[in-house]
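Secondary and tertiary structure notes
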Amino acid sequence: MLRKTDKQNILNRFASKGIFPFQMAFTLLIPLRNIFLSPAQLAGRLELNTDSVVMEVGPGPGYFSPRIAGIISKGRLILADIQPEMLEYARKRMERKGLGNVGYYRCSGERFEFPESTFDRIFMVTVIGEVENKDIYMSEFYRILKPGGILSVTELAGDPDKLTISEVRKLAESHAFSFYRQYGNEKNYTVNFKKIQRI
Ligand SMILES: C[S@@+](CC[C@H](N)C(=O)[O-])C[C@H]1O[C@@H](n2cnc3c(N)ncnc32)[C@H](O)[C@@H]1O
C-alpha cells in the first residue's frame, strides 16, 4: 500500500515536467486520446511497409504500439523505454494481443546499443520533452537510422514537457536531419525528418 505522501508525490510528478511516473501509466490507455491522435492516424504518418524495422522510444504502456506491430507483420518493433515498469506493462499488453514481432530495450538515457543503420523508422509520442540528453539521443537516432529512414516526433496538447514545432525542428536539424513532412497544428502535431546520407 502506498502512503499518502507517496501518492501525493506521484500525482505531483504526473502534473509537472520530468519523466512520466509509471504508476500513472493506465491514464495513457484511455481511448478518449483518439480525439487528439489515434493509433491508426499515427501509423499512416509513419509510412510503414510490412517488413519495416521500427523503434518506438518511450512507448509507456504501449497505446500506439499494437497497431504498429500489426502493420509491420514481417518486420520488427523495438519498444525502448527508460522505465522497466513501462516496458513490462507494454510487454504484457503486446503478449495478450498475440504480437510476437516485438523486442524490448531498456534505455540508459544516453547511447543506444544498436549497430549503425538498424532502423527504417524511429518514432516517439509525447516523449522528446522528457528526454534529458536530447542532443545525445538525436545523434544516436541519426546513427542507427538507415539512410532514407524517418525520425517521427509527435507532441500532443496537455503534456507539461511539450516542445514547439520550431524547437523540435531546431533540435533535429542541428543533427543533420532534413525536415520532411508535418501533420496537425501547433497544439497536436507530428513532424517527420529524413536521414539524408552525408557526402
Ligand atoms: C508521457 S509518456 C508517453 C508514453 C507513450 N508514448 C504514449 O504517448 O502513450 C513518456 C514516456 O517516455 C519515457 N521516457 C522518458 N524519458 C525517456 C528517455 N530518456 N528514454 C526513453 N524513454 C523515456 C517514459 O518512461 C514514458 O514511458
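Structure report, in brief. (Residues numbered from 1 in each chain as written. Predicted model: local features only at pLDDT ≥ 70, side-chain atom pairs only at ≥ 80, totals over all residues.)

With that out of the way, let us pick up the overall build of the protein chain. Looking only at helices and strands, one finds 6 helices and 7 strands in the protein chain. From first element to last, N terminus to C terminus, the protein chain shows the α and β order α-α-β-α-β-α-β-β-α-β-α-β-β. Relative to the 2.2 N^0.38 estimate, which gives 16 Å for 199 residues, the radius of gyration of the protein chain is 16 Å and therefore close to what a compact globule would have. Based on the C-alpha atoms only, the size of the protein chain along its principal axes is roughly 60 × 40 × 35 Å. Here the protein chain holds 199 residues, and the buried ones make up 32% of them. The contacts of the protein chain with a sequence gap of at least 6 include a subset with a gap of at least 24, amounting to 68%. (Helix = DSSP H or I, 4+ residues; strand = E, 2+ residues; numbered from the N terminus. Rg over C-alpha atoms; globule rule 2.2 N^0.38 Å. Buried ≥ 20, exposed ≤ 12 C-beta atoms within 10 Å, placed from the backbone. Contact = placed C-beta atoms within 7 Å.)

For the rest of this paragraph, the subject is the nonpolar core. Leu77, Ile122, Met124, Phe141 and Leu151 are the most contacted members of the largest nonpolar core, which totals 41 residues. When sequence neighbours within four positions are dropped, the list of residues in contact with methionine 124 reads Glu56, Val57, Gly58, Val153 and Thr154. (Core = buried A, V, L, I, M, F, W, Y, C linked by C-beta atoms within 7 Å.)

By the element assignment, phenylalanine 64 lies in the loop between β1 (53–57) and α3 (65–71). Put simply, phenylalanine 64 and glutamine 41 are 23 residues apart on the chain and 9.9 Å apart in space, counted from C-alpha to C-alpha. With near-sequence residues (within four places) excluded, phenylalanine 64 lies in contact with Pro39, Leu42 and Val125.

With that settled, the discussion passes to the pairing of strand β5 (residues 145–155). Counting buried positions along β5 yields 8 of 11 residues, so the element is predominantly enclosed. Handedness of the strand β4 (residues 119–125)-helix α5 (residues 134–144)-β5 crossover: right-handed. (Right-handed = clockwise from strand over helix to strand, strands pointing away.)

A word on unusual backbone geometry. Positive phi values are uncommon outside glycine, yet threonine 126 reaches one of about 50°. Of note, threonine 126 is situated in the loop between β4 and α5. You can call threonine 126 buried: it has 24 C-beta atoms within 10 Å. Located in the positive-phi region is alanine 176, a residue other than glycine, with phi close to 75°. By secondary structure assignment, the location of alanine 176 is in the loop between α6 (165–173) and β6 (178–184).

Spatially, β3-β2-β1-β4-β5-β7-β6 is the arrangement adopted by the 7 strands of the open sheet, whose pairing is mixed. At either end of the open sheet lies a strand with only one pairing partner, and these are β3 (102–106) and β6. Direction aside, neighbouring strands of the sheet carry axes that sit 20° apart on average. Sheet topology places β6 next to strand β7 (residues 189–194); 6 bridges connect them, and they run antiparallel. What sits directly across from serine 178, in β7, is lysine 194. Contacts from helix α4 (residues 84–96) reach β2 (76–81) and β3 within the one sheet, and its direction differs from that of β3 by about 170°. Packed on one face of the sheet, α5 meets β4 and β5 and runs near 140° to β5. (Pairing = 2+ DSSP bridges. Axes fitted to C-alpha atoms, helices over the stretch in contact; angles between N-to-C directions.)

Our next topic: the pairing of β4. With 7 of 7 residues buried, β4 is to be regarded as a mostly interior element. Where β1 and β4 come together, 3 bridges link them in parallel fashion. For valine 54, the partnering residue across the bridge sits in β4 and is arginine 121.

Attention shifts here to α5. For α5, the set of buried residues is Tyr137, Met138, Glu140, Phe141 and Ile144. One side of α5 holds all its buried residues, which, seen down the axis, span an arc of 165°. If you follow the buried residues of α5, they end up packed against β4, β5 and α6. (Arc of directions from axis to C-beta.)

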